[in-house]
Amino acid sequence: MQLSYDYIVVGSGATGAIVANSLVEAGVNIAVLDVGVEDELYKEIIPNKDFISIRKEDENQQDYFLGKQFEGIPWETSKVGSQLTPPRNFLTQLTEKLIPFESDSFKPMESMAKGGLGGGWGLGCYEFSKPELDAIGLKESEMLPAYDAVANHIGVSGIKDDAAPYCLRDLKNVQPVSELEQNLSGVFTSYNKQKKNLNNKGIFVGRSALAVITKERDNRSAVQYKDMDFWSDTDKSSYRSWMTIDQLKGKSNFVYHKNCLVLKFKEHDLGVDVIVKRTDTSEEQIFSCKKLILSPGVLGTARIVIRSFDYKKEQLPVICNPYCYIPCLQWRMLGKEIEQKKTSLGQLVMYLDEKNDNFDVGMAALFSYRSLLLFKLIKETPLNYADARIIMQYLQSSFTIAGIHHPEKGSASKFIRMEQNANTYTGDILTGQYILSEQEIKTNESREKKIKSALNSLGCKPLKTIYTPHGGSIHYAGTLPFNDNGENFSIHSNGKLGGTKNVFVADGSGFKYLPAKGLTFTLMANAYNVAKNVLKNG
Amino acid sequence: MENKSVHIFEAERIGNYLLGINVQDSEKNTYADAMQKLNIQFSKYEQALWEKMIKSKSKMACIDAALAMKEPNNNVRRKLFTMLAILEASPNYTSYFLSRNFSFFYIFKIGLVGIRAVWRAAIGIFIINSIKRKCN
């Protein structure tokens, strides 16, 4: 059976949902093709209560805190997705089978879920500076209105403080900032006392702009401070891409096709054929459209493009932010009870902008620790479990975790490669290599040292730096770098894929540089612009 | 059925070691269910360690402490870790895991617990070395 639409969007994640929404609003006829894995196990059994009440009252909490197969008791933490809570595990379900990736030095996380990796997004919204957008290959004049449009759609809360030049900039329609929890409040107070000295060293701390609403809108509740952010989306106060897809399902010009793994496309005079392998029947199916917009995520797009160009180029560059996290002990909070109403999100961010030019800025998102449960923290101590429990119960409230992202550029030692392999579901497999140069490692270590010193001066004593394997930041880009010459395996700045007439790419495949600040908000703004360009193109 | 009773016995011992109390049947049953699903396999050395640990609470503490320093990913610790997670995710034992306002003097207890942990590790290292020698 062949199905025909004006526009087909591949993927329902952060970018796919924004493209789909923009096209539906323009009144054209569109279909989204997606594998669309959903959580069928946990959604219904998590009570709509706060974390403390659940912990004290719910007899069935083991089912979702530990998982029905006890998958929430992670023993091998190096495995991709092992850090996800059981109700979020569906995000990586089927990926090993459908889109395998093999590498010793690069461990990316991908998703086949409805809403994609957006389902696990930390919700930080960062409007990139002009130098950052220039380095990526995007025009500031086009991106600023796109940021506003996306913020209107998803709902962003924040406040203009020292961090505003690094995240909110001049974003319009921002909702009031969320209430700051006790742990981070101490850090912020300390920063405000030493602000001048820290600013001189290029350190700026401020409230995060988050895709979390603090005022009710569109059937979404204002944030309830239940501290269940890693476990459920019951209130819909945090934006997730699946919400957009569910909203669109009611529109007559929108169709959502589940169980569709897009393999490749073929262009012809009348448009594009999209070849799909159905994940429910394993049969091939062809969809046709006038224009195709690829947004299954950077690695997914690379697979589709390499296959569509008959494996003529098997190796592509890739960029991924190096990431590490540092548990710190905040002495002010020692032995204190954590408040009942809070969120688990990174409400405070530290930026290191040594040259004061808003470029190559280091970033540390600050979190407190509670709702991921104490036993995971106990495992990291070099003590026996019984004694470690007593000590960690006392220290729990004083842990402040700093998640450090570094800015990143491509190099010859960072690439992905597609190899044909008859034993896999799609007949090929993606492999890769990600190795930083000695100079890059040195630069990152120097940045970490400065951030740690700043944390120390804010009363947060860094205990240990934990490095995640490359890929752990879950920020990927740069496989088909922006280039306006129309070459194959590149993307024009309007989003069109080089060497094609009617195929566009709306994810981060074209980004030539990755600022340390989270890129999801920029990905969505770029996707909004790509949708506009697709419509302009007829 | 036999396996289940073995697991229930293990749960009783581990629960007593971790919290110093007799844990309820519901948690013991959850542990037995977890062991069935996780199917943790032991090497000859791990089996010897486990047999020693299950015999007494103090040996369990010492071996756990030594392994935490020398072999944190040893499979015998996985059994203890599973029970720890089960106890935390049970409303019956919430107070053992949630933060609370401790008095200033509690810091002395923390210091003593820390010293005890190091002492246990020292004894534990002696025990695991002797088991290792026997297994080789």
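Shown above is the structure to which this text applies.
Treat the numbers as computed from the prediction; the structure is a model and nothing was measured.

Undergrad: I'm lost on the overall build of chain B in this one. Help?
TA: The helix and strand inventory of chain B stands at six helices and zero strands. The helix and strand sequence of chain B, counted from the amino end, reads α-α-α-α-α-α. Taking 2.2 N^0.38 as the reference for a compact globule, 136 residues should give roughly 14 Å; the C-alpha atoms of chain B span a radius of gyration of 16 Å, in line with that estimate. Counting only C-alpha atoms and orienting by the principal axes, one finds that chain B spans roughly 50 × 35 × 20 Å. For chain B, the residues scored as buried account for 35% of the 136 residues in total.

Undergrad: I tried to follow the interface of chain A and chain B on my own but got confused; where do I start?
TA: The accessible area lost on association of the parts is a frequent measure of interface size. At the interface, 35 residues of chain A touch 37 residues of chain B. Counting only elements with at least two residues in the side of chain A that touches chain B, the list comes to α2 (51-57), α3 (61-65), α10 (374-379) and α11 (385-395) of chain A. Here the side of chain A that touches chain B takes eight residues from α11 of chain A, the largest share from any one element. Per-class residue counts for the side of chain A that touches chain B are 17 nonpolar, eight polar and ten charged.

Undergrad: Would you mind going over the packing of helix α1 (residues 14-25) of chain A against helix α8 (residues 241-248) of chain A with me for this structure?
TA: Packed helix pairs are characterised by how far apart their axes lie and by the angle those axes make with each other. All names here are of chain A. At their nearest, the axes of α1 and α8 sit 8 Å apart, and the two run at 30° to each other. Judged on the interaxial angle alone, α8 and α1 are roughly parallel. As α1 runs across α8, the sense of the crossing is left-handed. Here Ala14, Ala17, Ala20, Asn21 and Val24 of α1 lie close against α8, whose contacting residues are Ser241, Thr244, Ile245 and Leu248. Here the residues of the contact of α1 with α8 sort into six nonpolar, three polar and no charged.

Undergrad: It is not clear to me how the sheet that holds strand β9 (residues 315-317) of chain A should be interpreted in this structure. Could you clarify?
TA: The strands that make up a sheet are held in pairs by hydrogen bonds between backbone atoms, and each pair lies either parallel or antiparallel. Residues and elements named next belong to chain A. Here we have four strands laid out as an open sheet, ordered β3-β17-β16-β9, and mixed in their pairing. In this open sheet, the two strands that pair with only one neighbour each are β3 (101-102) and β9. The sheet contact formed by β9 and strand β16 (residues 414-420) spans three bridges and is antiparallel. Residue pairing in the sheet places Leu316 in a bridge with Ile416 of β16. The strands touched by helix α9 (residues 298-308) within the sheet are β9, β16 and β17 (428-434), with β16 carrying the most contacts at an inclination of about 45°.

Undergrad: What is the right way to look at helix α12 (residues 438-457) of chain A in this model?
TA: What sets the pattern is the α-helix's 3.6 residues per turn: residues three or four places apart point alike. Residues and elements named next belong to chain A. Here α12 spans 29 Å end to end across 20 residues, near enough to the 28 Å set by a 1.5 Å rise per residue. For α12, the set of buried residues is Arg447, Glu448, Ile451, Ala454 and Leu455. Down the axis of α12, the buried set is contained in an arc of 120°. They therefore lie on one face. Seen from the buried face of α12, the exposed residues on the opposite side, beyond 90 degrees, are Glu438, Gln439, Lys442, Ser446, Lys449 and Asn456. Positive phi shows up at Gly459, right after α12, with a value of about 90°.

Undergrad: I keep staring at the pairing of β17 of chain A and nothing clicks. Help me out?
TA: Along a regular strand, successive side chains alternate from one face of the sheet to the other. Of the pairings in the sheet, the one linking β3 of chain A to β17 of chain A comprises two bridges and is parallel in character. Residue Phe101 of chain A lies in a different strand from β17 of chain A, and its bridge partner there is Leu430 of chain A.

Conventions and cut-offs
- Residues numbered from 1 in each chain as written.
- Chains lettered and ligands numbered in written order.
- Predicted model: local features only at pLDDT ≥ 70, side-chain atom pairs only at ≥ 80, totals over all residues.
- Helix = DSSP H or I, 4+ residues; strand = E, 2+ residues; numbered from the N terminus.
- Rg over C-alpha atoms; globule rule 2.2 N^0.38 Å.
- Buried ≥ 20, exposed ≤ 12 C-beta atoms within 10 Å, placed from the backbone.
- Contact = placed C-beta atoms within 7 Å.
- Nonpolar A, V, L, I, M, F, W, Y, C, P; charged D, E, K, R; others polar.
- Axes fitted to C-alpha atoms, helices over the stretch in contact; angles between N-to-C directions.
- Parallel < 35°, antiparallel > 145°, perpendicular 65-115°, else oblique.
- Left-handed = near helix turned anticlockwise from the far one by under 90°.
- Pairing = 2+ DSSP bridges.
- Expected span 1.5 Å × (residues − 1).
- Arc of directions from axis to C-beta.

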